[in-house]
Amino acid sequence: MPRSQARAVRRPVFARFYANVAGPGLEKAGIGEHRSRLLRGLAGEVLEIGAGHGANLGHYPSSVARVVAVEPEPRLRALAVEAARDAAVPVDVRDGLADGLPFEDGAFDAVVFCLTLCSVPDPHAALGEAYRVLRPGGRLRFFEHVRARGTRMRRVQRVVDATVWPLLCGGCHTGRDTEAAIRRAGFAITELDRFAFPDTRVPTPAASHILGTAVRPEAPADGAPDAGVAGEM
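Read on for a plain summary of the structure. Only a predicted model underlies this, so the values are computations on that prediction, with no experimental measurement involved.

## As for the environment of Leu101
So, point 1. Of note, Leu101 is situated in the loop between strand S3 (91–94) and strand S4 (108–114).
So, point 2. The spacing of Leu101 and Ala130 is 29 residues in sequence and 8.3 Å in space, taken between C-alpha atoms.

In structure tokens:
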């Protein structure tokens, strides 16, 4: 059943910084190519969780019947509403929280996370909710920066995540093992690409990314969350 909405998410300083500085910087670095890869081939009813200022909305293919774009931060959500006007597909921008989505079980053909699971307070609950609202056999698409493979950079990630990074970057954490979290939520990963972005000579804590597809099985695997309690992980 749909979860209730009880918490406001207001990060006006970060929202302005992301929309005016970080977001355009990522576009100049070539993130548009990865956004297009993320959304290619989607169809039907699609839910994007953490839509931000709507940077993905212009990349959805015409095969998509409708996008429901959830964003809890008011300033970013208003920008997403503006971006939705220029999208090639119908877009419904709504307030909502990743760990308490106001949608029925199995309501969507696909769910999209794009640079979102790093910043939600509880990624396991967010993935549980994604599992719940996705129809059996539906696809989860994800593009996230994640825990580095090298031990030295992992140490750096642990330090920045415990100190300044979440404070400066809207709750973002650089070292989450998102691939493992997706599998623990009951999804079967069918495609996975791991790469550095931006690909610079000097590595940064947020450079390690994964982009891929996972599927909610037609029948729950052993240990997979039941749709009725997935949000309680």
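## A closer look at unusual backbone geometry
So, point 1. Residue Pro198 follows Phe197 across a cis peptide bond; omega there is -15°.
So, point 2. With respect to the secondary-structure elements, Pro198 resides in the loop between strand S6 (188–196) and strand S7 (208–215).
So, point 3. Backbone geometry places Leu115, a non-glycine residue, at a positive phi of 55°.
So, point 4. For Leu115, the position within the fold is in the loop between S4 and helix H4 (123–133).

## Remarks on the sheet that holds S3
So, point 1. Strands sit in the order S3-S2-S1-S4-S5-S7-S6 across an open sheet of 7 strands; the sheet is mixed. The sheet terminates laterally at S3 and S6, the two strands that pair on one side only. Averaged over all pairs of adjacent strands, the angle between strand axes in this sheet comes to 15°, irrespective of strand direction.
So, point 2. Pairing of S4 with strand S5 (residues 134–145) involves 6 bridges; the strand directions are parallel. Each bridged residue has a counterpart across the sheet, and for Val112 the counterpart in S5 is Arg141.
So, point 3. Across the sheet, helix H2 (residues 31–39) is in contact with S4, S5, S6 and S7; its angle to S5 comes to roughly 165°.

The rules behind these values
- Residues numbered from 1 in each chain as written.
- Predicted model: local features only at pLDDT ≥ 70, side-chain atom pairs only at ≥ 80, totals over all residues.
- Heavy atoms only, no water.
- Helix = DSSP H or I, 4+ residues; strand = E, 2+ residues; numbered from the N terminus.
- Pairing = 2+ DSSP bridges.
- Axes fitted to C-alpha atoms, helices over the stretch in contact; angles between N-to-C directions.
- Contact = heavy atoms within 4.5 Å.

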